Amino acid sequence: MKKALLLATLIGPAVAMAQNNNAPSSYDPHDIKITGYLQTQFQKAQSPGITSFSGGDFSKNSDNRFMIRRGRLKIDRVDTYSSIVFQLDATQDGVQLMDAFIQLRHPSQKGLSLTAGLFNRPFGYSIVYSSGYRDFPERARVFQTLMPRERDLGGMVSYHPGGKMKFLNLDLALVNGSGHSAKDYDSKKDLIGNLGFKFDSLADKRLQLGFGGSFYKGSVRNDTKTYYTAIANGYTAHTSDDNEGKAIGRNYYGANLQIELDNSFGKSSFKTEYVAGDQPGVAGGADIKGPYASRSFTTQPATDLYQRKFNGYYLWLTQEIAKTGVTALLAYDVYDPNTKASGMTIGMPDNFTADGDVKFSTLGYGVAYQISNRLKLTVYNEHVTNEKTSLKNFSDDLKDNVFTTRLLYRW
């Protein structure tokens, strides 16, 4: 028992760093260190060619597939004053740069750091939390829509003090706003702020509690003379020569909560996050599928913008089953891209609503088996539901459920 407690004490900080994508594997000075993980999986969809947020869309004539979901290789180095992180993602689709940033820290102010390069947007909880450690196969639909691939280019100031204030986490970042794989397409920058608190020694160290709030303040450039704003059960059009080049607000606010309890039956956890605000998008239709009509842009959108009021959230529940290595998983998430319109009013004549205004919810459930400290098997099913509307493409619930079996190896 004493050996187990000592091991947990020694590896705990290293695991915490690994779970945070915006940090090296450890802040202890070291030369080149290589870590990473591989996720290989088989998936079965309810019908061929579906649009999916569970690893991407299925091919037109396929309802099942083998794939490498993530193949991450992370290289980092840390010295007294600086650290560098470089991470690649290698899958059947090719090799992509995921992280490339430099962090500067002073020994007398270890809690204060400056990050520059390509890093995860410091918004909320699930964006920065590593997919190599997350219990569930994917992030919630709302975050995949607002912040696809999670990263952006820019600079960030962070404050993570130790000692009596070790529970505090503060980040402020200035980024392009165009995402992880694109240069900025206008001259404006987006501001992201995150304030978090984490208490990990409550109830005789059996209870961990975390919570926080975030904001995102940015814009998207309108490239036409017309843009639309949401009103009750539709949109109103704004047409003027002055609207070409107008900055349409992209503003979010969010709150998150994490509770974890060690008990005699096994560790129990509950995590939730809520986000709402204004999201510019396009109408959706033949060229851009409805679920992607409100996805954040990586290039200048060529058509009229639709500024929507949105909200979304997720609920994640996990329960370890005694000391079997098995964990039960239960999740529910909702993304409503347009809270001003719903149901049969979407698609009605002359209110400008379209495929991009449809609300989705996902119920997920499954089990994860920790085969060893490096190897994990996850079996998971997602039941996806869309609201019924007056639109031809969404007159009924789509058959777009997905079953996933995944094997993870982490080193």
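In this text the structure is predicted, and so the values were computed from the model without any measurement. (Residues numbered from 1 in each chain as written. Predicted model: local features only at pLDDT ≥ 70, side-chain atom pairs only at ≥ 80, totals over all residues. Heavy atoms only, no water.)

### Notes on the nonpolar core
Line of reasoning, step 1. Residues Phe 123, Val 142, Phe 143, Tyr 252 and Val 275 are the most contacted members of the largest nonpolar core, which totals 29 residues.
Line of reasoning, step 2. Elements supplying a minimum of two residues to this core: α2 (141–146), β7 (168–175), β14 (305–320) and β15 (326–336).
Line of reasoning, step 3. Val 142 has contacts with Val 275, Phe 310, Gly 312, Tyr 313, Val 334 and Tyr 335, leaving out every residue within four places of it along the chain. (Core = buried A, V, L, I, M, F, W, Y, C linked by side-chain atoms within 4.5 Å. Buried < 20%, exposed > 50% of the residue type's maximum accessible area, 1.4 Å probe, protein only. Helix = DSSP H or I, 4+ residues; strand = E, 2+ residues; numbered from the N terminus. Contact = heavy atoms within 4.5 Å.)

### Let's talk about the packing of aromatic side chains
Line of reasoning, step 1. One pass over the full model with this rule turns up 21 aromatic pairs.
Line of reasoning, step 2. Among the aromatic residues, those joined into a cluster by ring pairs are Phe 123, Tyr 216, Tyr 252, Phe 310 and Tyr 335.
Line of reasoning, step 3. Lying over the aromatic face of Tyr 133, Arg 410 brings its terminal NZ or CZ to 4.1 Å of the ring centre. (Phe/Tyr/Trp six-rings, centres within 6.5 Å; stacked < 30°, edge-to-face > 60°. Lys NZ or Arg CZ within 6 Å of the ring centre and 35° of its normal.)

### Comments concerning the pattern of salt bridges
Line of reasoning, step 1. One pass over the full model with this rule turns up 21 salt bridges.
Line of reasoning, step 2. We note a salt bridge from Asp 184 to Lys 189, for which the minimum N-O separation is 2.9 Å.
Line of reasoning, step 3. For Lys 189, a relative accessible area of 39% puts it in the partly exposed group.
Line of reasoning, step 4. The partner of Lys 225 in a salt bridge is Asp 241, and the shortest N-O contact between them spans 3.3 Å. In this pair, Lys 225 sits in the loop between β9 (207–221) and β10 (226–231) while Asp 241 sits in the loop between β11 (234–239) and β12 (247–261), placing the two residues 16 residues apart along the sequence. (Salt bridge = Lys/Arg side-chain N within 4 Å of Asp/Glu carboxyl O.)

### So, the layout of surface pockets
Line of reasoning, step 1. Reported here for the second largest pocket is a volume of approximately 910 Å³.
Line of reasoning, step 2. Mapped onto the lining of the second largest pocket, the elements with two or more residues apiece are β2 (64–78), β3 (82–91) and β4 (94–106).
Line of reasoning, step 3. Tallying contributions element by element places β2 first for the lining of the second largest pocket, with 5 residues.
Line of reasoning, step 4. Broken down by class, the residue content of the lining of the second largest pocket amounts to 10 nonpolar, 16 polar and 11 charged. (1 Å grid on protein atoms, 1.4 Å probe; cavity = no way out; pocket = protein on both sides within 12 Å on 5 of 7 lines; lining within 4 Å. Points joined across faces, edges and corners; volume = space filled by probe spheres on them. Nonpolar A, V, L, I, M, F, W, Y, C, P; charged D, E, K, R; others polar.)

As far as function goes, none of this settles anything; it's purely spatial.
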